[in-house]
Amino acid sequence: MAIPRLTDAEIELALVALPGWNRVSEGIERSYKFADFMHAFAFMTRVALLAEKADHHPEWFNVYNRVDVRLTTHDAGGLSARDVALATAIDA
């Protein structure tokens, strides 16, 4: 079953509720900065558990105290409700 892609209007509305997240070509992304590597890694561990539970996994990049997270739904060819739900869970 195909996962529906969000419309531009739905994406803009979702971003209002997701401060810090920015729209990129086929999804949304956000950078997080922590006190040190251990805090960044702990964050990534918590997100990994959320992502596994949702069966929806982020693209991410980590250097020392920074974690860049990008969410997109490849099966939808862009942003879907699954990305918005995971971004909301990550921020919680």
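This structure is a prediction, so every number in the text was calculated from the model and none was measured.

(A) Up close: the sheet that holds strand 4 (residues 66-71). In spatial order, the strands read 1-2-4-3; together these four strands make up an open sheet with antiparallel pairing. Both outer strands of the open sheet, strand 1 (22-24) and strand 3 (59-63), are each paired with one neighbouring strand and no more. Shown here is a sheet whose adjacent strand axes are inclined to one another by a mean of 25°, direction ignored. With three bridges connecting them, strand 1 and strand 2 (residues 27-33) associate as antiparallel partners. By the bridge assignment for strand 2, Val24 is matched with Gly27. Against the sheet, helix 2 (residues 37-54) makes contact with strand 2, strand 3 and strand 4, and its axis sits at roughly 165° relative to strand 3, the strand it touches most.

(B) The arrangement of the nonpolar core in detail. By size, the foremost hydrophobic cluster in this structure holds 21 residues, and its most contacted members are Trp21, Ile28, Phe43, Val69, Leu71 and Ile90. Taken together, the elements giving at least two residues each to this core come down to helix 1 (8-16), strand 2, helix 2, strand 4 and helix 3 (81-91). Sorting elements by how many residues they give to this core places helix 2 first, with five residues. Excluding residues that lie within four positions of it along the chain, Leu71 makes contacts with Trp21, Glu26, Gly27, Ile28, Pro58, Leu79, Asp83, Leu86, Ala87 and Ile90.

(C) How the structure looks around the pairing of strand 4. The side-chain alternation of strand 4 yields one buried face, formed by Val67, Val69 and Leu71, and one unburied face, formed by Arg66, Asp68 and Arg70. Summarising the sheet, strand 2 and strand 4 pair through six bridges and their orientation is antiparallel. Bridge assignment links Glu29 to a residue of strand 4, and that residue is Arg70. Across five bridges, strand 3 lies against strand 4 in antiparallel orientation. Residue pairing in the sheet places Trp60 in a bridge with Val69 of strand 4.

How each quantity is defined
Residues numbered from 1 in each chain as written. Predicted model: local features only at pLDDT ≥ 70, side-chain atom pairs only at ≥ 80, totals over all residues. Heavy atoms only, no water. Pairing = 2+ DSSP bridges. Helix = DSSP H or I, 4+ residues; strand = E, 2+ residues; numbered from the N terminus. Axes fitted to C-alpha atoms, helices over the stretch in contact; angles between N-to-C directions. Contact = heavy atoms within 4.5 Å. Core = buried A, V, L, I, M, F, W, Y, C linked by side-chain atoms within 4.5 Å. Buried < 20%, exposed > 50% of the residue type's maximum accessible area, 1.4 Å probe, protein only.

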